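What the coordinates show
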Amino acid sequence: MSRKPLMLALAITTGVLGAGIGACAYNEALGRNQLVFIDDGVLVQQSQAAWAETLRTQKVSNNAAQNVRVRRVGDRIVQAANLTNRHWEYAVFDDSTPNAFVLPSGHMGVTTGLLAIAKNDDQLAAVIGHEVGHVIARHAAERASTTQTTGLILGAVQSQAGDYSQAVQAFGGMGAQLGVLLPFSRSHELEADRLGVDYMAAAGYKPSESLALWRAMAEGRQSGTPEFASTHPSDQTRLMQLQQYIASRGWN
C-alpha cells in the first residue's frame, strides 16, 4: 500500500473515532465513560419485538409456582436497581438449557433449566441481578455502538487497501473481533456480575450465593473454547473476581 492511500485511510479512521468521542457518556453505575450513540428508544422497540417473537416461538411454562418465584425475585431486584419506571413482564420458558435474559423494554425470561440449577431464591437473584446489571450498564447500546464503529473503521481502511482489501477484511475483521469486540463483551459480563451482587444485597439476598450459582453453572457447562476467543470470561476468572469483589464489600 502506498503512503498516500494509507494516510487517507488513517484520516478517515481518525474522523470516525472523533465522532465516537462526541458520543461518549458517563455511566454513574459503572464509574466510566461509554461510547453510546444508539438511541435507547430503538433498543426498546427491538426488545419488544424480540419478546413477542420469543413468546410466539418458545414454549411458555404454565407452572404457577415457578412463575410466581421468578416474579417475586424479579420484582425485588428491579426495585433495588431503581428500574420501577417501566412495566415489567415475566415468563418462564420450558427449556432444559439454563438461561435467563432481561430486555431494556422491561421483559424478563427464565428457563426451567436455570430454575433447576438455582437451588434457592438467593441464587436466582444472582442471575436476575446479573441480567438487570446489563440493562443499567446500557451494555446493549454500548455493544451495538462499538460494533458499528469498528465496522466503519474497517470499511475505511479496506476501501484504500487496493489489492490487499481481501486480506484486510479477513485479518482485520478477525483482529477486531478478538482484540476489541470479544474482550469488550467479557468486560461487560464482569461488570454485570458486580452490579448484580450490588442489587442482590440491596434487595436483601445473600451475595455469596452468587458464587455457588456460578460454580453450579460451571460444573454443568462443557466448553473447550479458550477465554481469549469467548464472549464470556472463563469460569475461573469470573469466580475469582466476583469473590474478591464480595470480600471487598464485606459481604458473606
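Residues numbered from 1 in each chain as written. Predicted model: local features only at pLDDT ≥ 70, side-chain atom pairs only at ≥ 80, totals over all residues. Heavy atoms only, no water.

Here we look at the overall build of the chain
A tally of regular secondary structure across the chain gives nine helices and five strands. Tracing the chain from N to C terminus, the helices and strands come up as α-β-β-α-α-β-β-β-α-α-α-α-α-α. Accessible surface, the chain: about 13200 Å² in total, of which carbon and sulfur atoms supply 53%. (Helix = DSSP H or I, 4+ residues; strand = E, 2+ residues; numbered from the N terminus. Areas by Shrake-Rupley, 256 points an atom, 1.4 Å probe, with all protein chains shown as cover.)

Details of the packing of helix H3 (residues 64-80) against helix H5 (residues 121-136)
Relative orientation and spacing of two packed helices are given, respectively, by the angle between their axes and the distance between those axes. Their axes nearest at 9 Å, the elements H3 and H5 cross at an angle of 55 degrees. In terms of axis orientation, H3 runs oblique to H5. Handedness of the H3/H5 crossing: right-handed. Within the contact between the two elements, H3 uses Arg 69, Val 70, Arg 72, Val 73, Gly 74 and Ile 77 and H5 uses Asp 121, Leu 124, Ala 125, Ile 128, Gly 129 and Val 132. Residues of the contact of H3 with H5, tallied by class, amount to seven nonpolar, two polar and three charged. (Axes fitted to C-alpha atoms, helices over the stretch in contact; angles between N-to-C directions. Parallel < 35°, antiparallel > 145°, perpendicular 65-115°, else oblique. Left-handed = near helix turned anticlockwise from the far one by under 90°. Contact = heavy atoms within 4.5 Å. Nonpolar A, V, L, I, M, F, W, Y, C, P; charged D, E, K, R; others polar.)

Quick notes on the sheet that holds strand E5 (residues 107-111)
Reading across the sheet, the three strands line up as E3-E5-E4 and stay open at both edges, with mixed pairing between neighbours. Edge positions in the sheet fall to strand E3 (89-93) and strand E4 (100-103), since each of these pairs with one other strand and no more. Going from strand to strand, the sheet's axes swing by 10 degrees on average, the running direction of each strand aside. Along the sheet, H3 makes contact with E3 and E5, crossing E3 at roughly 140 degrees. (Pairing = 2+ DSSP bridges.)

Focus on the environment of Asn 120
In this structure, Asn 120 sits in the loop between helix H4 (112-117) and H5. Once the C-alpha coordinates of Asn 120 and Glu 209 are considered, the two residues, 89 residues apart in sequence, prove to be 8.8 Å apart. With near-sequence residues (within four places) excluded, Asn 120 lies in contact with Arg 69 and Glu 209.

Points about the side chain of His 130
Summarising the element assignment, His 130 is placed in helix H5. Residue contacts for His 130: discarding those within four places in its chain leaves Glu 189, Ala 192, Asp 193, Gly 196, Trp 214 and Arg 238.

Overview of the pattern of salt bridges
Within this structure, the stated rule accounts for seven salt bridges. Between Arg 72 and Asp 121 there is a salt bridge whose closest N-O contact spans 2.8 Å. Here Asp 121 lies in helix H5 and Arg 72 lies in helix H3, a separation of 49 residues in the sequence. Overlapping salt bridges bring together Arg 69, Arg 72 and Asp 121 as one network. (Salt bridge = Lys/Arg side-chain N within 4 Å of Asp/Glu carboxyl O.)

Quick word on the confidence of the model for the chain
Considering every residue of the chain, the mean pLDDT works out to 76; 70% of them sit at 70 or more. Per-element averaging of pLDDT across the chain places helix H1 (residues 3-21) at the bottom with 39 and H3 at the top with 97. Segment residues 1-22 is flagged for pLDDT under 50; beyond a separation of four residues in sequence, or across chains, it makes 18 contacts in the model. (pLDDT = per-residue confidence, 0-100.)

Brief notes about H5
In this model, H5 (16 residues) spans 21 Å end to end at C-alpha, consistent with the 22 Å of a helix rising 1.5 Å per residue. Buried residues dominate H5, accounting for 13 of its 16 residues. Following H5 by one or two positions, Arg 138 has its phi on the positive side, about 55 degrees. (Expected span 1.5 Å × (residues − 1). Buried < 20%, exposed > 50% of the residue type's maximum accessible area, 1.4 Å probe, protein only.)

Digging into the packing of aromatic side chains
A full pass over the atoms with the stated rule returns four aromatic pairs. Measuring from ring centre to ring centre gives 6.3 Å for Tyr 245 and Trp 251, while their planes differ by 80 degrees; the resulting arrangement is edge-to-face. Accessibility expressed as a relative area gives 18% for Tyr 245, which makes it buried. One aromatic cluster in this structure is built from Trp 51, Phe 93 and Phe 101. Note that Arg 76 overlies the ring of Tyr 205, its terminal NZ or CZ placed 4.0 Å from the centroid. Sitting over the ring of Trp 214, Arg 238 keeps its end group 4.2 Å from the ring centre. (Phe/Tyr/Trp six-rings, centres within 6.5 Å; stacked < 30°, edge-to-face > 60°. Lys NZ or Arg CZ within 6 Å of the ring centre and 35° of its normal.)

What about the nonpolar core?
Among the nonpolar cores identified, the biggest contains 39 residues, and Ile 77, Met 108, Leu 124 and Val 132 are the most heavily contacted of them. Ranked by residue count, the leading element in this core is H5, at seven residues. Discounting residues that sit within four places of it in the chain, Ile 77 has contacts with Ala 125, Ile 128, Gly 129, Val 132, Tyr 199, Met 200, Ala 203 and Tyr 205. (Core = buried A, V, L, I, M, F, W, Y, C linked by side-chain atoms within 4.5 Å.)

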